[in-house]
Amino acid sequence: MLVIYKIMNGVEKVNREVSFTVTHNIKPGGRPMKLIGSRLKTNKRKYFFTQCTTNLDSITFEKAYCEYRLNRIENALKTIQSASQQTDKLKELHGQVLYRLERYDDCLAVYRDLIRNSQDDYEEERKTNLSAVVAAQSTWEKVEPEDLGLQEATYELCYNAACALIGQGRLNEAMENLQKAEDLCRQSLSEDSDVTEEDIEAELAIIHGQMAYIMQLQGRTEDALQLYNQIIKLKPTDVGLIAVIANNIITINKDQNVFDSKKKVKLTNADGVEHKLSKKQLQAIEFNKALLAMYTNQADQCRKLSASLQSQNPEHLLPVLIQAAQLCREKQHAKAIELLQDFAEQSPADSAQIKLTMAQLKIAQGSVTKACIILRSIEELKHKPGMVSALVTMYSHEEDIDSAIEVFTQAIQWYQEYQPKSPVHLLLIREAANFKLKYGRKKEAISDLEELWKQNPKDIHTLAQLISAYSLVDPEKAKVLSKHLPSSDTMSLKVDVDALENSPGATYVRKKGGKLTGENQQKEQGQGDVKKKKRKKKGKLPKNYDPKVTPDPERWLPMRERSYYRGRKKGKKKDQIGKGTQGATTAGASELDASKTASSPPTSPRLGSSTAMSSATTSNMIPPRHQKPAGAAATKKKQQQKKKKGGKGGW
């Protein structure tokens, strides 16, 4: 299947791991090279300059070396080129300057000239630097390194050889070289009594970091992350090494553990990092910063970084993809597609990757047909098996079978013209035939099946498919082709059926019962056993069921839909005064109704009269809102009893 280039995810396209810089000095680690036999000493500096003030050519090397140490590499190169005579020490510095400027071809020529025309005690150091140049060419320029015949006698040479192997993709061999370099480094440093174990671990840090990088490329991210963290705990002094390790940890984290990634980004901003790493390493670190800003929802920061990267690298695709990804996160798919289209017009070399991204965005929007049109416009990919598979799948999803068959036809025609009878060609023909048979296009599948059968007449499966297709179109032709089928005797398989059924893997095993006698034996000899009828369980009747009374024929209907339903009667609760716990009981309602009492003149009551007694009784009556509802105390007691049953605490 086609793997569509995905902006948001994918370490290979968006999050790029940075390979470690190859060493260009005696000891790996990215330090400035110790110029052989020519570095100025502090105690001799004053005397040296007093002797050479009258001759400007004699201080050319000192000036160029000072510019080199001040990271003014271009000025140092101009100073070296202005010298009237190229001495050995100027050539040594010239090679180092060319290496820093990443002009590896010129640097290789300088070191070759030095090794051929010099005879001193520094030949091993020159060979180390020569191997570093070869490793840089293999890593950054993807140049196949030539065999220089350098013996890997030191750990520096082993390390540089491992870097060259990583550039070629030979990771297992590179790991073996790094292990050898580790052993040689321990052995050589342990011989010095002044070197402590901490110094040895610090020197091995760059070798271990390169091992972790190989583990990361091999997919062993947990082991790589553990080794990276061990190196950071050592706090090495090489800022270039720390920056590369921090960047690679960010690529492992991806869009997860972003807080740790934010901490690691600070390590890549240390002073002097730009002088320790190559341009491609620095570029990859900046790309990852922009991606991290996108994953942490820092939209403005992401736009700023990606725009800066695009201005620095106008022909590079990745900054545009990051901008498009940010627009997609903001639900602005139309703007993202427009941005990609504009860049595709400016750089036709990257049009394939851009169109793959555009197709993915169309699929995310649900426009599968438009995505298919974009994919079919990629000329260099439309005949590939992965592309054909993706297009057929999408057209099948849209139920556009004719377009899917057209995709098969175009791909088969391309292979028929450029790679006839190749394995991919025959595979596409077979898949096209199977697809047509699946969707009932047997007439169209016959030509494909005949082509396959001509290529391999012994293929019985293809012949059977061809006969099946002809049986519906041309039965006579099917009969003729059936003569080519082998006989049933040759096709029969010698299989012990009983042994197969009794095998532990069988899904059904016939039970071996005892001997049949009497009626059972007669049944076995006859037409076969009659299946036993299952007894039907009697349905449960309601408790108030009366067999003498006919059941209600409308009992299955809801109550509202029955013919005798009259609705609820209203006005029953007119007599009630209140509701709920504060309402009055119906017992005192009649007594409180003034209309039901006998009418009497509103005269003032006299002492000892019956009216005075009645007024006294009414004055002692409890108002309705202060009355307790009937049975309130009893219900309260019942509730307390229920609570006590739950446990000791009553909870």
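The written sequence of each chain sets the order in which its residues are numbered from 1. Totals for whole chains, interfaces and linings use every residue, but because this is a predicted model, local features are given only for residues with pLDDT of at least 70 and side-chain atom pairs only at 80 or more, for both listing and counting. Only hydrogens and water are removed before side-chain values are computed, so all heavy atoms of the structure are retained for them.

(A) Representation of the overall build of the protein chain in the model. By definition, any uninterrupted DSSP run of H or I lasting at least four residues is a helix, any uninterrupted run of E lasting at least two residues is a strand, and each is numbered from the N terminus. Scanning the protein chain from N- to C-terminus turns up 31 helices and 0 strands. Nonlocal contacts in the protein chain, meaning residues at least 24 apart in sequence, comprise 56% of its contacts between residues at least 6 apart. Per-residue and other accessible areas were derived by the Shrake-Rupley procedure at a 1.4 Å probe size, with only the shown protein chains allowed to occlude residues. When the accessible surface of the protein chain is summed, it comes to about 43,300 Å², and 51% of that surface belongs to carbon and sulfur atoms. Only heavy atoms matter for contacts: two residues are in contact if any of them lie within 4.5 Å across the pair.

(B) Just the environment of Gly440, in detail. Mapped onto the elements of the fold, Gly440 is located in the loop between α22 (423-438) and α23 (442-455). Three exposure classes are used, based on accessible area relative to the maximum for each residue type with a 1.4 Å probe and protein chains only: buried under 20%, partly exposed in between, and exposed over 50%. A relative accessible area of 53% places Gly440 in the exposed class. Separated by 29 residues in the primary sequence, Gly440 and Ala469 have C-alpha atoms spaced 9.4 Å apart.

(C) How the structure looks around the nonpolar core. Ranked by size, the top nonpolar core spans 54 residues in total, and within it Leu340, Ile354, Leu375, Val388, Leu391, Val392 and Phe435 carry the most contacts. Beyond its immediate chain neighbours, meaning those up to four positions away, Phe435 contacts Val392, Ser396, Ile401, Ala404, Ile405 and Phe408. The next biggest cluster of nonpolar side chains, apart from the first, holds 34 residues, and it includes Cys158, Leu178, Ala224 and Ile249. The set of buried Ala, Val, Leu, Ile, Met, Phe, Trp, Tyr and Cys residues whose side-chain atoms join them within 4.5 Å is what this entry labels a nonpolar core.

(D) Looking closely at helix α3 (residues 73-81). Residues of α3 that are buried: Ile73, Ala76, Leu77, Thr79 and Ile80. Within α3, the buried residues cover an arc of 160 degrees as seen down the axis, which keeps them to one side. Residues of α3 that are buried make contact with α2 (60-69) and α4 (88-100). Within this analysis, the arc is defined by the directions that extend from the helix axis to the C-beta atoms.

(E) Quick peek at the UniProt feature "repeat: TPR" (unreviewed entry) in the protein chain. UniProt positions are given in the numbering used here, feature names are shortened, and annotations may be inferred rather than shown by experiment. This chain's UniProt record puts "repeat: TPR" (unreviewed entry) on residues 205-238. Counting secondary structure, residues 205-238 comes out at 76% helix and 0% strand; the distance between its end C-alpha atoms is 10 Å.

(F) The arrangement of the packing of aromatic side chains in detail. Whether two aromatic rings pair depends on their centres lying within 6.5 Å, for rings of Phe, Tyr and Trp, where Trp uses its six-membered ring; planes under 30 degrees apart make the pair stacked, over 60 edge-to-face, and the rest tilted. One pass over the structure, following the stated rule, counts 7 aromatic pairs. Ring geometry for Phe408 versus Phe435: centroids 5.8 Å apart, planes at 50 degrees, classification tilted. With Phe408 in helix α21 (residues 401-418) and Phe435 in helix α22, the pair connects residues that are 27 residues apart, well separated along the chain. Judged by centre distance (4.8 Å) and plane angle (50 degrees), the ring pair of Phe435 and Tyr439 falls under tilted. One aromatic cluster in this structure is built from Phe61, Tyr65 and Tyr68.

(G) Layout of the side chain of His94. As for its placement among the helices and strands, His94 is situated in helix α4. Overall, the relative accessible area of 18% leaves His94 in the buried class. If we ignore the near neighbours within four places in the chain, the residues touching His94 are Leu77, Ile80 and Val110.

(H) Spatial organisation of the pattern of salt bridges. Salt bridge criterion: a side-chain nitrogen from Lys or Arg within 4 Å of a carboxyl oxygen from Asp or Glu. With the rule as written, the count across this model stands at 18 salt bridges. Arg186 is the partner of Glu182 in a salt bridge, and the nearest nitrogen-oxygen pair spans 3.9 Å. With Glu182 and Arg186 both in helix α8 (residues 171-190), this residue pair falls 4 residues apart, about one helical turn. For Glu182, a relative accessible area of 17% corresponds to the buried category. Take Arg186: its relative accessible area is 30%, and that puts it in the partly exposed class. The salt bridge involving Arg376 is made with Glu406; its shortest N-O contact spans 3.5 Å. Taken together, the positions of Arg376 in helix α19 (residues 368-376) and Glu406 in helix α21 put the pair 30 residues apart, joining distant regions of the chain. Note on Glu406: relative accessible area 38%, which makes it partly exposed. One connected set of salt bridges, linked through shared partners, spans Glu182, Arg186, Glu197 and Glu201.

(I) Spotlight on the packing of helix α16 (residues 318-329) against helix α17 (residues 333-346). Fitted lines through C-alpha atoms serve as axes, helices being fitted only where they are in contact, and the angles separating the N-to-C directions of these axes extend from 0 to 180 degrees. Interaxial distance between α16 and α17 falls to 8 Å at its minimum, and their mutual angle equals 165 degrees. It follows from the interaxial angle that α16 and α17 lie roughly antiparallel. Every pair of crossing elements has a handedness; the one defined by α16 and α17 is left-handed. Contacts between α16 and α17 involve Val320, Leu321, Gln323, Ala324, Leu327 and Cys328 from the first element and His333, Lys335, Ala336, Leu339, Leu340 and Phe343 from the second. Note on residue classes: Ala, Val, Leu, Ile, Met, Phe, Trp, Tyr, Cys and Pro are nonpolar, Asp, Glu, Lys and Arg are charged, and everything else, Gly too, is polar. Residues that form the contact of α16 with α17 fall into these classes: 9 nonpolar, 2 polar and 1 charged. The labels follow the angle: roughly parallel below 35 degrees, roughly antiparallel above 145, roughly perpendicular from 65 to 115, and oblique for the rest. Take the far helix as the reference: if the near one is turned anticlockwise from it by less than a right angle, the crossing is left-handed, and if turned clockwise, right-handed.

(J) A look at α16. One less than the residue count of a helix, multiplied by 1.5 Å, gives the span that helix is expected to have. Its 12 residues place the ends of α16 17 Å apart at the C-alpha level, agreeing with the 16 Å of an ideal helix rising 1.5 Å per residue. Taken across its 12 residues, α16 has 11 buried, putting it largely inside the fold. Every buried residue of α16 is accounted for by Leu318, Pro319, Val320, Leu321, Ile322, Gln323, Ala324, Ala325, Gln326, Leu327 and Cys328. The inward-facing, buried residues of α16 contact α14 (279-295), α15 (299-312), α17 and α18 (351-365). Directly after α16, the chain includes Lys331, whose backbone phi takes a positive value near 65 degrees.

(K) Region of interest: the packing of α23 against helix α24 (residues 460-473). One can describe the packing of α23 onto α24 by two numbers: an axis separation of 9 Å at closest approach and a directional angle of 150 degrees. Here α24 runs roughly antiparallel to α23, going by the angle between their axes. With respect to the hand of their crossing, α23 and α24 are arranged in left-handed fashion. Residues Lys442, Lys443, Ile446, Leu449, Glu450, Leu452 and Trp453 of α23 lie in contact with α24, whose contacting residues are Thr462, Leu463, Gln465, Leu466, Ser468, Ala469, Tyr470, Leu472 and Val473. For the contact of α23 with α24, the class distribution of residues is 10 nonpolar, 3 polar and 3 charged.

(L) A look at the environment of Lys421. With respect to the helices and strands, Lys421 occurs in the loop between α21 and α22. On the basis of relative accessibility, which here comes to 58%, the residue Lys421 falls in the exposed class. Placed 31 residues apart in sequence, Lys421 and Leu452 show a C-alpha to C-alpha distance of 9.9 Å. Once residues within four sequence positions are removed from consideration, Lys421 is found in contact with Leu426 and Gln455.

(M) Examining unusual backbone geometry more closely. Phi at Lys235 takes a positive value of approximately 55 degrees, unusual for a residue other than glycine. Looking at the secondary structure, you find Lys235 in the loop between α10 (221-233) and α11 (239-253). Its relative accessible area of 69% is what places Lys235 among the exposed residues. The backbone of Lys421 shows a phi angle near 60 degrees, a positive value even though the residue is not glycine.

(N) Spatial organisation of the confidence of the model for the protein chain. Scored by pLDDT, the protein chain has a mean of 76; 73% of the residues are at 70 or more. Per-residue confidence from the predictor is reported as pLDDT, which spans 0 to 100. When pLDDT is averaged over each helix and strand of the protein chain, the minimum, 30, is found for helix α1 (residues 45-51) and the maximum, 93, for α10. Under a pLDDT of 50 for its full length, residues 1-54 has, in the predicted model, 158 contacts with residues more than four places off or in other chains. Across residues 603-619 the pLDDT falls below 50, and counting only partners more than four positions away or on other chains, this stretch makes 4 contacts in the model.

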